[in-house]
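# Tertiary structure, described
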Amino acid sequence: MSDNIQTVTVISKTTWTPNLFSFTVSRPDSFKFTAGQFVRLGVNPSQLKYYQQVEASDEALNEDIFRAYSIVSSPFDEVLEFLSIVIPDGAFTSQLQHLQVGDELLLNTMPFGFLTLARYQKPLPKDLWLLATGTGLAPFLSMLQDLKTWEDYEHIVLAYSARSTDELAYVEQIERLQEDFGTLVDNPAKLIFIPIVTRESVDGALSERLPKLLLEGTLQERAGIDLDVDTTHVMLCGNPDMVEDTKEALKTLGLVMNRRGEGNIAVENYW
């Protein structure tokens with residue numbers, strides 16, 4: 001086993017919908033990461049309690065399977081938290097859905113990714129827009145549990161899109177973020193949370209896809225803030241179609257990709 005691979009233990013599991021769940025694992029003492037980064041998690045299906053309990057371990061795949069996962073938890077938390085969907089035929093998530101407390105996973109302790117606030121050199125931080133679909137929420141929750149985020153910005157807009165209300169995970173936690181973290185710093189950013197539900201009509205939630213909401217100005221109107229090339233940082237994380245289409249919509253509105261530290265738009269592609 002590589003020196004970078006460590007065994008971690010499942011501490012808790014939360015089922016949001018039949019196809020969406022989150023879980024926490026133990027955190028190796030030496031493991032460090034920056035809010036927004038992802039890691040590679042591994043599972044050996046034959047070692048899961050589920051297969052041993054149903055006496056089907058002979059049918060379980062006996063090999064380590066790794067996939068990339070953004071970290072939900074703060075860089076300062078004692079545990080690591082992850083958010084996952086279930087892909088029925090997926091070699092990894094179809095196994096991971098059977099996780100139980102006490103199961104062991106593998107963690108590659110080398111963090112990856114550049115969807116971090118440190119990448120922004122220009123423009124200077126003022127307004128931060130975090131645009132997520134599905135499990136793309138994960139890195140943004142990590143950032144919003146880092147006090148520096150609250151110190152550096154004046155406004156933070158979190159727009160989180162899902163198909164149904166049930167798929168909007170962590171809403172209660174999001175609604176407590178201002179109190180739980182904003183109150184710990186002087187002159188904290190103001191958090192503006194905008195839920196989006198595309199396949200149901202929900203009071204208080206927008207219903208169109210993010211690109212359309214941006215191009216029509218609906219999202220900006222709800223946030224009460226304009227997108228400005230001189231003051232805005234925008235981060236995108238979620239399904240590839242959303243990321244690509246929203247990126248193009250933002251370019252149409254005059255924002256530019258962040259390269260070598262300069263520019264407005266940052267994206268993460270680990271699909």
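Below, the structure is looked at part by part.

Criteria and thresholds
Residues numbered from 1 in each chain as written. Predicted model: local features only at pLDDT ≥ 70, side-chain atom pairs only at ≥ 80, totals over all residues. Heavy atoms only, no water. Helix = DSSP H or I, 4+ residues; strand = E, 2+ residues; numbered from the N terminus. Rg over C-alpha atoms; globule rule 2.2 N^0.38 Å. Buried < 20%, exposed > 50% of the residue type's maximum accessible area, 1.4 Å probe, protein only. Contact = heavy atoms within 4.5 Å. Areas by Shrake-Rupley, 256 points an atom, 1.4 Å probe, with all protein chains shown as cover. Lys, Arg positive; Asp, Glu negative; His and termini not counted. Charge placed at Lys NZ, Arg CZ, Asp CG, Glu CD. Salt bridge = Lys/Arg side-chain N within 4 Å of Asp/Glu carboxyl O. Phe/Tyr/Trp six-rings, centres within 6.5 Å; stacked < 30°, edge-to-face > 60°. Pairing = 2+ DSSP bridges. Axes fitted to C-alpha atoms, helices over the stretch in contact; angles between N-to-C directions.

## Observations concerning the overall build of the protein chain
- The helix and strand tally for the protein chain stands at 8 helices and 11 strands.
- For 271 residues, the compact-globule estimate of 2.2 N^0.38 gives 18 Å, and the protein chain sits close to it at 19 Å.
- Reported as C-alpha extents along the three principal axes, the dimensions of the protein chain are approximately 60 × 40 × 35 Å.
- Here the protein chain, with 271 residues, has 53% of them falling under the buried criterion.
- Excluding contacts between residues fewer than 6 apart, the proportion of contacts in the protein chain whose partners are at least 24 apart in sequence is 74%.
- Entry remark: accessible area of the protein chain is about 13100 Å², with carbon and sulfur atoms responsible for 45%.
- Taking the average location of the 21 positive side-chain charges in the protein chain and that of its 39 negative ones, the two points are 6 Å from each other.

## Description of the environment of asparagine 4
- Looking at where asparagine 4 falls in the secondary structure, it is placed in the segment before strand S1 (5–17).
- Distance in space between the C-alpha atoms of asparagine 4 and leucine 106 is 9.9 Å, their sequence separation being 102 residues.
- Once residues within four sequence positions are removed from consideration, asparagine 4 is found in contact with Leu107, Asn108, Thr109 and Met110.

## A closer look at unusual backbone geometry
- Cis geometry marks the peptide bond from lysine 122 to proline 123, where omega comes out at -5°.
- For tyrosine 170, which is not glycine, the phi torsion reads 65° and is therefore positive.
- Note on placement: tyrosine 170 falls in the loop between strand S8 (155–162) and helix H5 (171–180).
- Despite not being glycine, asparagine 187 shows a phi value in the positive range, around 50°.

## Side note on the pattern of salt bridges
- Throughout the structure, instances matching the rule amount to 8 salt bridges.
- Between lysine 148 and aspartate 152 there is a salt bridge, and its shortest N-O distance comes to 3.0 Å. Placement of both lysine 148 and aspartate 152 in helix H4 (residues 147–152) is noted, with a separation of 4 residues, approximately one turn of the helix.
- A network of salt bridges, in which partner residues are shared, links Glu208, Lys212 and Glu216.

## Some remarks on the environment of glycine 254
- Relative to the helices and strands, glycine 254 is located in the loop between helix H8 (240–252) and strand S11 (265–267).
- Taking the C-alpha atoms as reference points, glycine 254 and leucine 227, separated by 27 residues in sequence, lie 8.7 Å from one another.

## Focus: the side chain of glutamine 220
- Relative to the assigned elements, glutamine 220 resides in helix H7 (residues 218–223).
- Discounting chain neighbours no more than four positions away, the residues touching glutamine 220 are Trp129, Leu213, Leu214, Ile225, Asp226, Leu227 and Leu253.

## Some thoughts on the packing of aromatic side chains
- This model, assessed by the stated rule, comprises 9 aromatic pairs.
- Judged by centre distance (6.2 Å) and plane angle (85°), the ring pair of tyrosine 69 and phenylalanine 82 falls under edge-to-face. Separated by 13 residues along the polypeptide, tyrosine 69 in strand S4 (residues 65–70) and phenylalanine 82 in strand S5 (residues 79–85) bring together distant segments of the chain.
- When its relative accessible area of 7% is taken as the criterion, tyrosine 69 is described as buried.
- Linked through ring pairs, Phe21, Phe23, Tyr69, Phe82 and Phe92 together constitute an aromatic cluster.

## Describing the pairing of strand S2 (residues 20–26)
- The element S2 is extensively covered by neighbouring structure, given that 6 of its 7 residues are classed as buried.
- Where S1 lies against S2, 6 bridges are found, and the strand directions are antiparallel. Paired with threonine 17 across the strands is leucine 20, a residue of S2.
- Counting the residues between successive antiparallel strands, the hairpin from S1 to S2 contains 2 residues.

## Structural notes on the sheet that holds strand S7 (residues 127–133)
- Read across the sheet, 5 strands follow the order S9-S8-S7-S10-S11 without closing on themselves; strand pairing throughout is parallel. Each end of this open sheet is capped by a strand with a single partner; those strands are strand S9 (190–197) and S11. Pairs of neighbouring strands in the sheet enclose a mean axial angle of 15°, with direction left out of account.
- The pairing of strand S10 (residues 232–237) with S11 spans 3 bridges and is parallel.

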